[in-house]
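Structural overview
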Amino acid sequence: MNLRTDLFIGGRWRPGTDGGRLDVVDPSDLSTITRFAVATERDCMDAVDAAAAAASSWAATAPRERGELLRAAYEILTAETEEFAELIVRENGKSWPDAVGEAHYAKEFFRWFAEEAVRVPGDHRLSPSGDKRIVVERQPIGVSLLITPWNFPAAMATRKLAPALAAGCTTVLKPAAETPLTAAYVVEVLRRAGVPDGVVNLVTPTPPGPAVRRMIDRPEVRKLSFTGSTEVGRELLRACADGVVSASMELGGNAPLVVLPGADLEPAVEGAVLAKMRNGGAACTAANRFYVHASVHDEFVARMDAALSAFTTGPGLDRAHTLGALVSPAERDKVAALVDAAIADGATLVRGGRARSDGAFYDATLLTGVVHGSAITTAEIFGPVTAVVRYEDVDEAVRMANDTVHGLMAYVFGEEREAMAVARRLEAGMVAVNRGVASDPAAPFGGVKQSGLGREGGAEGILEFLEEKYIALTA
Ligand code: NAD
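Residues numbered from 1 in each chain as written. Predicted model: local features only at pLDDT ≥ 70, side-chain atom pairs only at ≥ 80, totals over all residues. Heavy atoms only, no water.

A few points about the overall build of the protein chain
Formally: Each helix is a run of DSSP H or I of at least 4 residues and each strand a run of E of at least 2, with the numbering of both proceeding from the N terminus. For this measure, only C-alpha atoms enter the radius of gyration; the expected value for a globule follows 2.2 Å times N^0.38, where N is the number of residues. Residues are treated as being in contact if the distance between any of their heavy atoms lies within 4.5 Å. Only the protein chains shown count as covering a residue, and every accessible area follows the Shrake-Rupley method with a 1.4 Å probe. In summary, the charge assignment counts Lys and Arg as positive and Asp and Glu as negative, without counting His or the chain termini. The atoms used to mark charge sites are NZ of Lys, CZ of Arg, CG of Asp and CD of Glu.
When helices and strands are tallied, the protein chain shows 14 helices and 22 strands. Here the protein chain has a C-alpha radius of gyration of 23 Å; the compact-globule value for 475 residues is 23 Å, and the two agree. If you line up the protein chain on its principal axes, its C-alpha atoms span 65 × 65 × 40 Å. Restricting the contact set of the protein chain to residue pairs at least 6 apart, pairs at least 24 apart contribute 72%. In the form shown here, the protein chain has an accessible surface area of approximately 18100 Å², with 51% of it arising from carbon and sulfur atoms. Within the protein chain, the 63 negative side-chain charges are centred at a point lying 4 Å from the centre of the 49 positive side-chain charges.

A word on the site of the ligand
For the record, the criterion: When at least one non-hydrogen atom of a residue lies within 4 Å of a molecule or strand, that residue is treated as near it. We call two N or O atoms a polar contact when they sit within 3.5 Å, provided that within protein one can donate a hydrogen and the other can accept it, with sequence-adjacent residues counted only if both atoms are side-chain atoms. Classes in brief: Ala, Val, Leu, Ile, Met, Phe, Trp, Tyr, Cys and Pro nonpolar; Asp, Glu, Lys and Arg charged; the others, Gly included, polar.
Surrounding the ligand, one finds 29 residues, the nearest of these being T148, S229, L251, C284 and E380. Within the backbone of T148, a nitrogen or oxygen atom sits 2.7 Å from an oxygen atom of the ligand. In this structure, a nitrogen atom belonging to the ligand sits 2.7 Å away from a main-chain N or O atom of L251. The fraction of the free accessible surface of the ligand (850 Å²) that becomes covered by protein chains is 87%. Sorting the residues of the shell around the ligand by element identifies α5 (155-167), α7 (209-217), β10 (221-227) and α8 (230-243) as the ones contributing at least two each. Looking at the shell around the ligand, the element that brings in the most residues is α8, giving three residues. Within the shell around the ligand, the residues separate by chemical class into 16 nonpolar, eight polar and five charged.

Things to note about the environment of D440
With respect to the element layout, D440 can be found in the loop between β20 (430-433) and β21 (452-453). Separated by 332 residues in sequence, D440 and E108 have C-alpha atoms that sit 8.8 Å apart. A polar side-chain atom of D440 sits 2.8 Å from the main-chain amide nitrogen of A442.

What to know about the pattern of salt bridges
To be explicit about the condition: Salt bridge, as applied in this entry: a Lys or Arg side-chain nitrogen positioned within 4 Å of an Asp or Glu carboxyl oxygen. Burial status follows relative accessibility: with a 1.4 Å probe on protein chains alone, a residue under 20% of its type maximum counts as buried, one over 50% as exposed, and anything between as partly exposed.
Across all of its chains, the model carries 33 salt bridges by this definition. Residue K334 is joined to E331 by a salt bridge in which the shortest nitrogen-to-oxygen separation is 3.4 Å. Here K334 pairs with E331, and both are found in helix α11 (residues 329-344), just three residues apart, close to one helical turn. The partly exposed category is assigned to K334, whose relative accessible area is 34%. On the accessibility criterion, E331 (15% relative accessible area) is buried. One salt-bridge network, held together by shared partners, links R14, R42, D43 and D46.

Remarks on unusual backbone geometry
A cis amide bond links T206 with the next residue in sequence, P207, at an omega value of 0°. Examined against the element boundaries, P207 turns out to sit in the loop between β9 (200-202) and α7. A positive phi angle, near 45°, is found at V244, a position not held by glycine. Mapping V244 onto the fold places it in the loop between α8 and β11 (246-250). Taking the relative accessible area as the measure of exposure, V244 reaches 63% and is therefore exposed. Its identity is not glycine, yet K449 carries a phi of approximately 50°, on the positive side. Among the structural elements, K449 can be located in the loop between β20 and β21. Classification of K449 as partly exposed rests on a relative accessible area of 36%.

Description of the UniProt feature "active site" (unreviewed entry) in the protein chain
For clarity, the cut-off: UniProt positions are given in the numbering used here, feature names are shortened, and annotations may be inferred rather than shown by experiment.
UniProt records the feature "active site" (unreviewed entry) at E250, using the numbering of this structure. Look past the residues within four positions of E250 in its chain and what remains in contact with it is R159, F226, T227, G228, L408, F445, G446, G447, S451, G454, R455 and E456.

Some remarks on the pairing of strand β12 (residues 255-259)
Going by this rule: In this analysis, strands are considered paired if DSSP registers two or more bridges between them.
With five of its five residues buried, β12 lies for the most part within the structure. Burial along β12 is two-sided: the residues A255, L257 and V259 and P256 and V258 are all buried. Bridging between β12 and strand β13 (residues 287-293) involves five bridges; their strand directions are parallel. Paired with P256 across the bridge in β13 is R289. Pairing between β12 and strand β19 (residues 409-413): three bridges, direction parallel. Considered in β19, the bridge of V259 is made with F413.

Focus on the pairing of β11
Two faces belong to every sheet, and in a regular strand the side chains alternate between them. Where we set the bar: The handedness of a crossover follows from its direction of travel: if, with the strands pointing away from the viewer, the path from the first strand over the helix to the second runs clockwise, the crossover is right-handed.
The buried fraction of β11 amounts to four of the five residues, a majority that puts the element mostly inside the structure. Examined bridge by bridge, β10 and β11 share five bridges and lie parallel to one another. Looking across to β11, one finds that K223 is bridged to S246. Considered for its hand, the β-α-β crossover made up of β10, α8 and β11 is right-handed.

Encoded structure:
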């Protein structure tokens, strides 16, 4: 594959103005894959200029045409799934099945928003006094800054680019420093699909803080769509306050998974494995804390142990492995430290607990006797660690599940009516009932509490990039 390693500004691939480069590392063997251009603040200003210059003609492009360009990008990604997945594996480290899963999930946002581009709703009503007609139109919000994390380097980019472009907004994409290659590939696919110059721009300022702040301060930038940690999200919300920039925030999670008394353990364990192990646990939606009722606890743990024993850890390019590397040795060490602390707090290590030094690998791990409130239940683990807390009373389980500042995802397993009743009590933007995965481009994805603001995907996702305009007409 012909890797793109430069910035993309105004329809042209170019190096950063000071020639700086940063290493892109393969987490499975810690080798350097290539060196990617670092964007200076000047480059970032150029990207905003390019997006601003293209804004009015893109907004005026017919919705059908915008949709067809997104559809063309979807077709390219479909034809190139293998290369796409390989790129994700190389810089992110995830397993081959996870990378193929992400490639499919990522391209579906282009298809979904190609269809949504032509369905933007408006409204027309008579005022109650009868003196006027109220016409409500939706217009593109303006230049949009899109910031994405490393854990889903493709899907987090397409989940923002697709609705922004469908809505008629021009964009500046800033991917995570760990995974710029996948983002650059997606941008190149949009270029090949025929998206005009300036509509999509790509910059990689490193460190990101000062340049991102300057972009947010530009009056042309009217939207920040951020996915990443709550800590950085909070900082960026403050930066948005000065220019009253609209902000959508997809932030950290700490998903509880509740197994109710009488749950059918076969589907429960199948779902729990997916909820935990998809993407090696490096998902904002990953089940982080398992609350298992005493009546089913021992059997659940035995079945989970057996299911986890089937995972083999190794490089994703060796397609047989089902658990890849974490994104970096630092992430691996963070997971190891959380497991060690949990054991020191009294948890029992049933399986795993082993870090490997030949790459950023950490084995599938199972802990029981975890104490609610200990670090492993309050931190986002972001690794393949199942931490089980035993409970006696369902009300207590709900209380513990809600005992967090986060509220992105939650899982419940049990008889459907009981599980639905619990689902309604959980403080989360999304709840999966008797299943291990909820994400779907056609569904509104997002969190409550400190997990975020706004929604991506579904009919809601495009609205984040549109603003209502009310026009008053004489009756
Ligand atoms: P992160 O917050 O460190 O970084 C996210 C992005 O912000 C990266 O592009 C990074 O370069 C940039 N960034 C970092 N500091 C910045 C600053 N001061 N100013 C401007 N930009 C800055 O997160 P991460 O470690 O890349 O990703 C993991 C986090 O993302 C987890 O907390 C996870 O839960 C969250 N996440 C959330 C969702 C969701 O949809 N809610 C999805 C995926 C990941």
